[in-house]
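# Results of the structural survey
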Amino acid sequence: MIILVIVSVTIFAYQFLITAPKTTVFGDAARFNGYVAMVMKYSITHFGQIALWDQFLLSGMSWISHPSGYHFSPVAWLTIIFFNDPAWAARFMELFYISLASVAFYFLLRTLKLSRATSFLVSIPYVVNQYAFLFGVNGWFEEFIGIMLLPLTVLFVYLGLMKKSYFYMLLGALAMSLHFFDNTYYVFHYNAIVILWITAIFGLKILWENRKDKIPNLVKKLLSYAILNITFWLSVIGVSAVKLIPLLEFRSISSRNFLSLTQAEVDVLPFSVLWDRLRNFFITPGHTTPFTQLANDIGIFLVF
């Protein structure tokens, strides 16, 4: 029941994705996401094969070598099968990811033994805030994918380490691999930092709890713990290789092959901008009032 409430509140907060006129295009969503799904659908229905090349855009463009290809995205395939309109396909993907993000965060908090009320109150502002709204309006919903995959991955890895379960570690690796399948590469390293931090804390916990054991027993436990983590990372690499190896093999024909690191660094924002974003996390730009500032501060308090 509470999951239904969380999804309902999330969809209500992002109802503009449903109520906006059909002609409304949310930034890059239809152009880069819905469009890709529709071209892949056209290729399947007319040629009986998955599109590796976009024959409609300019003189053509490779997709097998393009990072934004949706060949292995589960949700993209739902839009390919069930939608004929790229705009509605993109809206569906946005709503799906943002709703699943709030649910994943709720289950993570419940796994950490927080109460239902606290988990509910925190899972809503996790997705209903200025940061997420800006990306929703602009159609950059890869960010939604990132904030969905982070708690989902942490949830499975945490359970895997707690229960010493290879099954949960493999589920975590599968979730981690979706960063590449769903084109949210720039959130992958944040997720990796969180996972590495958690594994380090668990490792220190093992050392502390077994500090009085004999050396052979301690080494045995640490080795078992290391194998568990190595299994996770090898699984991430192995599953992701399905998409990453073709990207490397055909990178010479990719439209993204000529961006240098210097050019990419132009878009890096200073730390002061990050602080301003945090200070007004739940406020839409241009709508700062005493009431919205108070609501923002309450939201930040709930997150903490």
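Residues numbered from 1 in each chain as written. Predicted model: local features only at pLDDT ≥ 70, side-chain atom pairs only at ≥ 80, totals over all residues. Heavy atoms only, no water.

The next point concerns the overall build of the protein chain. Counting its regular elements, the protein chain contains 14 helices and two strands. Buried positions account for 42% of the 304 residues belonging to the protein chain. Within the protein chain, contacts between residues separated by at least 24 positions form 68% of all contacts whose residues are at least 6 apart in sequence. Entry remark: accessible area of the protein chain is about 17200 Å², with carbon and sulfur atoms responsible for 73%. (Helix = DSSP H or I, 4+ residues; strand = E, 2+ residues; numbered from the N terminus. Buried < 20%, exposed > 50% of the residue type's maximum accessible area, 1.4 Å probe, protein only. Contact = heavy atoms within 4.5 Å. Areas by Shrake-Rupley, 256 points an atom, 1.4 Å probe, with all protein chains shown as cover.)

On inspection of all chains with the given rule, the structure shows two salt bridges. Here Lys-221 and Asp-213 are joined by a salt bridge, their closest N and O atoms 3.0 Å apart. (Salt bridge = Lys/Arg side-chain N within 4 Å of Asp/Glu carboxyl O.)

This paragraph deals with the environment of Ser-43. If you trace the backbone, Ser-43 turns up in helix H3 (residues 29-47). The spacing of Ser-43 and Asp-54 is 11 residues in sequence and 9.2 Å in space, taken between C-alpha atoms. When residues no more than four places from it in sequence are discounted, the contact partners of Ser-43 are Gly-48, Gln-49, Ile-50 and Ala-51. Looking at Ser-43, its side chain comes within polar contact range of the main-chain oxygen of Gln-49, at 2.8 Å. (Polar contact = N/O pair within 3.5 Å; in protein donor to acceptor, adjacent residues only side chain to side chain.)

If you walk through the whole model with that rule in mind, you get 11 aromatic pairs. With a centroid separation of 5.8 Å and 80 degrees between ring planes, the pair formed by Phe-96 and Tyr-97 is classed as edge-to-face. Considering the side-chain rings of Tyr-158 and Phe-202, the 5.8 Å spacing of their centres and the 70 degrees angle between planes classify their relative orientation as edge-to-face. Taken together, the residues span a long stretch of sequence, with Tyr-158 in helix H8 (residues 142-163) and Phe-202 in helix H10 (residues 185-209) at a distance of 44 residues. In terms of burial, Tyr-158 and Phe-202 fall into one category: buried. Aromatic rings pair up to connect Phe-92, Phe-96 and Tyr-97 into one cluster. (Phe/Tyr/Trp six-rings, centres within 6.5 Å; stacked < 30°, edge-to-face > 60°.)

With that settled, the discussion passes to helix H9 (residues 166-181). If you check H9, its first and last C-alpha atoms are 22 Å apart, about what 16 residues at 1.5 Å a residue would give, namely 22 Å. A side-chain oxygen of the first residue of H9 lies 3.3 Å from the backbone nitrogen of Phe-167; this N-cap is Ser-165. Where H9 terminates, the next one or two residues include Asn-183, which has phi positive at roughly 65 degrees. (Expected span 1.5 Å × (residues − 1).)

With that settled, consider a nonpolar patch on the surface. A surface patch of nonpolar side chains, amounting to about 390 Å² of accessible area, comprises Met-1, Leu-4, Val-5 and Val-9. Locating Val-9 in the fold gives a position in helix H1 (residues 2-13). (Patch = residues over 30% accessible without salt bridge, like charges linked within 9 Å, V, L, I, M, F, W, Y side chains within 5 Å.)

On to the side chain of Asn-191, then. Considering the arrangement of structural elements, one finds Asn-191 in helix H10. For Asn-191, the residues in contact, after removing those within four places along its chain, are Leu-149, Leu-150, Thr-153, Val-154, Met-176 and His-179.

Considering the arrangement of structural elements, one finds Phe-96 in helix H5 (residues 86-111). Residues Phe-96 and Val-75, 21 residues apart in the sequence, show an inter-C-alpha distance of 8.3 Å.

With that out of the way, let us pick up the side chain of Lys-41. Of note, Lys-41 is situated in helix H3. With residues up to four places along the chain from it excluded, the contact list for Lys-41 reads Ile-80, Ile-81, Phe-83 and Asn-84.

On to the confidence of the model for the protein chain. The predicted coordinates ought not to be read in detail in places where the model reports low pLDDT. Averaged over all residues, the pLDDT of the protein chain equals 80, while 81% of them reach at least 70. Within the protein chain, H9 carries the highest mean pLDDT (92), whereas helix H12 (residues 261-264) carries the lowest (56). (pLDDT = per-residue confidence, 0-100.)

What follows is about unusual backbone geometry. Glycine aside, negative phi is the norm for most residues, and most peptide bonds take the trans geometry. We note that Lys-113 has phi near 70 degrees; this positive angle belongs to a residue other than glycine. Here Lys-113 shows up in the loop between H5 and helix H6 (116-127). Residue Lys-164 is not a glycine yet carries a positive backbone phi of 55 degrees. Relative to the assigned elements, Lys-164 resides in the loop between H8 and H9.

With that settled, consider H5. With 26 residues, H5 should reach 38 Å at 1.5 Å per residue; the first-to-last C-alpha distance of 37 Å fits that figure. Positive backbone phi, at 70 degrees, marks Lys-113, one or two positions downstream of H5.

On to the environment of Tyr-42, then. Here Tyr-42 shows up in helix H3. C-alpha separation for the pair Tyr-42 and Asn-84, spaced 42 residues apart in sequence, amounts to 9.8 Å. In contact with Tyr-42, other than residues within four places in its own chain, are Phe-47, Gln-55 and Phe-56.

How two helices pack is summed up by the angle between their axes together with the distance between the axes. Across the interface, H1 lies against H6 with an axial gap of 10 Å and an inter-helix angle of 25 degrees. Classified by the angle their axes make, H1 and H6 are roughly parallel. Here H1 runs over H6; the crossing is right-handed. For the pair H1 and H6, the contacting residues are Ile-2, Val-5, Ile-6, Val-9 and Thr-10 in the first and Arg-116, Phe-120, Ser-123, Ile-124 and Val-127 in the second. In the contact of H1 with H6, the residues fall into seven nonpolar, two polar and one charged. (Axes fitted to C-alpha atoms, helices over the stretch in contact; angles between N-to-C directions. Parallel < 35°, antiparallel > 145°, perpendicular 65-115°, else oblique. Left-handed = near helix turned anticlockwise from the far one by under 90°. Nonpolar A, V, L, I, M, F, W, Y, C, P; charged D, E, K, R; others polar.)

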